[in-house]
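# Observations on the model geometry
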Amino acid sequence: MRVFIIDTGEMGPELHGGLIGVEGSSNPDAREKQECVETVCRYALDGWAIAADPHTAIGWLAALTAETACVPFVNLTRIALHAPRLQDARH
């Protein structure tokens, strides 16, 4: 499992605690699943939002954990779908 930090200093107030992205293997074992839940919980307790692709096993687990912890969840699939339009708007 990989966790990456996303700078949210210029984003809305709901993301000012920070944002972490979670990514994992397509077929996670029990250890990776436990690591995902523990990592998301640790950051959620500090008020961080969580970002992941909920169409993957680890992303889905991260989304459920974020929802349970009542912290914002950013669906990376939706961002990817809108990325071409966002790039066009900048030019």
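Right above here is the structure, for reference.
An account of the accompanying structure is given in this report. Everything quoted here is computed from the prediction, not taken from an experiment.

As a further point, take the side chain of Thr 65. Along the polypeptide, Thr 65 turns up in helix H2 (residues 57-68). For Thr 65, a relative accessible area of 9% gives the class buried. Within the local environment of Thr 65, its side chain forms a polar contact with the backbone oxygen of Leu 61, the two atoms lying 2.8 Å apart.

The next thing to look at is the sheet that holds strand E1 (residues 2-6). Here 4 strands make up an open sheet; going across it, the order is E1-E2-E3-E4 and the pairing mixed. Edge positions in the sheet fall to E1 and strand E4 (73-75), since each has one partner strand and no second. Averaged over all pairs of adjacent strands, the angle between strand axes in this sheet comes to 25 degrees, irrespective of strand direction. Bridging between strand E2 (residues 19-23) and strand E3 (residues 49-52) involves 3 bridges; their strand directions are parallel. Residue pairing across strands places Gly 21 opposite Ala 51, the latter belonging to E3. Lying on the sheet, helix H1 (residues 30-45) is in contact with E1, E2 and E3; it crosses E2 at an angle near 175 degrees.

About the cut-offs
Residues numbered from 1 in each chain as written. Predicted model: local features only at pLDDT ≥ 70, side-chain atom pairs only at ≥ 80, totals over all residues. Heavy atoms only, no water. Helix = DSSP H or I, 4+ residues; strand = E, 2+ residues; numbered from the N terminus. Buried < 20%, exposed > 50% of the residue type's maximum accessible area, 1.4 Å probe, protein only. Polar contact = N/O pair within 3.5 Å; in protein donor to acceptor, adjacent residues only side chain to side chain. Pairing = 2+ DSSP bridges. Axes fitted to C-alpha atoms, helices over the stretch in contact; angles between N-to-C directions. Contact = heavy atoms within 4.5 Å.

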